[in-house]
Amino acid sequence: MAEKRPPRATGPGDETFWQGCANGELLIQKCGVCGHRPWPVVQTCEQCGSDALAFEAVSGMGKLASWCTFARPYYGELMPVPYDTIIVELDEGPWFISNPNGFANADAQLGMPVKVAFIDCEDGQGPFRLPVFEKA
Ligand SMILES: [Zn+2]
């Protein structure tokens, strides 16, 4: 059953990202000029200013870089507190904010290997698959 979530990001380029998630792929942009991998989605490279950006599937592997537990209800009943949030340093470089899946922050260790998983969610626009991370 789909988990109700706050609205997903829907700026320019985000549609491609969410389509990748629907296909079980984590698509991250890569700059065709300098090789930088920006995240979240941008229109021009943060490093060199080029707009030669293309989405590429990354491995979905990474390491736990940080974590916190939210105790304040920013999203009302959609995200009942407390809930855990993590930052994953993807193997390809970008840092990705997400939620842990199958473990709690009480078990978190700095540098712990994690891998992406996609869970069925739903927001006001309908169903989508959200990338979360589990122990690798
Ligand atoms: Zn660049």
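All residue numbers refer to positions counted from 1 along the written sequence of the respective chain. Only residues with pLDDT of at least 70 are given local features in this predicted model, and only at 80 or more are side-chain atom pairs given and counted; all residues enter the totals for whole chains, interfaces and linings. Note that water and hydrogens are dropped before the side-chain values are worked out from all heavy atoms of the structure.

Student: Whenever I open this one, the pairing of strand 5 (residues 83-90) confuses me. Can you help?
Tutor: One face of the sheet, then the other: side chains in a regular strand alternate in exactly this way. By definition, two strands form a pair when at least two bridges between them are found by DSSP. Comment: elements are numbered from the N terminus, with helices defined as DSSP H or I runs of at least four residues and strands as E runs of at least two. Across 8 bridges, the pairing between strand 4 (residues 61-70) and strand 5 is antiparallel. What sits directly across from Lys 63, in strand 5, is Glu 89. As paired strands, strand 5 and strand 6 (residues 95-98) are joined by 4 bridges and run antiparallel to one another. Bridge assignment links Val 88 to a residue of strand 6, and that residue is Phe 96.

Student: Mind showing me how you'd approach the coordination of the zinc ion here?
Tutor: Protein-derived coordination of the zinc ion comes from Cys 31 (SG), Cys 34 (SG), Cys 45 (SG) and Cys 48 (SG), at a distance range of 2.3 to 2.4 Å. Read in sequence order, the donor residues for the zinc ion give the motif C-x2-C-x10-C-x2-C. Of this pair, Cys 31 sits in strand 2 (residues 26-31) while Cys 45 sits in the loop between strand 2 and strand 3 (53-58), and the two are 14 residues apart along the sequence. Residue Cys 45 is classed as buried on the basis of its relative accessible area, which comes to 5%. In this analysis a donor is any N, O or S atom within 2.8 Å of a metal ion (3.2 Å for sodium, potassium and calcium), and since water is not included, sites may seem incomplete. Note on classification: 1.4 Å probe, protein chains only; a residue is buried when its accessible area is under 20% of the maximum for its type, exposed when over 50%, partly exposed between these limits.

Student: In this structure, what is going on with the packing of aromatic side chains? I would like to understand it.
Tutor: Here the distance between the centres and the angle between the planes together describe a pair of aromatic rings. Centres within 6.5 Å make a pair out of two Phe, Tyr or Trp rings, where for Trp the six-membered ring is used; the pair is then stacked when the planes are under 30 degrees apart, edge-to-face when over 60, and tilted otherwise. Throughout the structure, instances matching the rule amount to 8 aromatic pairs. Measuring from centroid to centroid gives 4.9 Å for Trp 39 and Phe 96, while their planes differ by 15°, and the two rings are stacked. A residue pair is termed long-range when its members are at least 10 positions apart, and Trp 39 in the loop between strand 2 and strand 3 and Phe 96 in strand 6 qualify at 57 residues. Between the aromatic rings of Phe 70 and Tyr 74, the centroid separation amounts to 6.0 Å while the plane-to-plane angle is 75°, which identifies the pairing as edge-to-face. Three or more aromatic residues joined by ring pairs make a cluster, and in this case those are Phe 17, Trp 18, Trp 39, Phe 96, Phe 128 and Phe 133.

Student: Mind showing me how you'd approach the environment of Pro 127 here?
Tutor: By the secondary structure assignment, Pro 127 is in strand 8 (residues 126-135). The exposed category is assigned to Pro 127, whose relative accessible area is 68%. The spacing of Pro 127 and Ala 2 is 125 residues in sequence and 7.3 Å in space, taken between C-alpha atoms. Apart from the residues within four sequence positions on either side, Pro 127 is in contact with Arg 8, Cys 121 and Glu 122. The criterion used for residue contact is that any of the two residues' heavy atoms lie within 4.5 Å.

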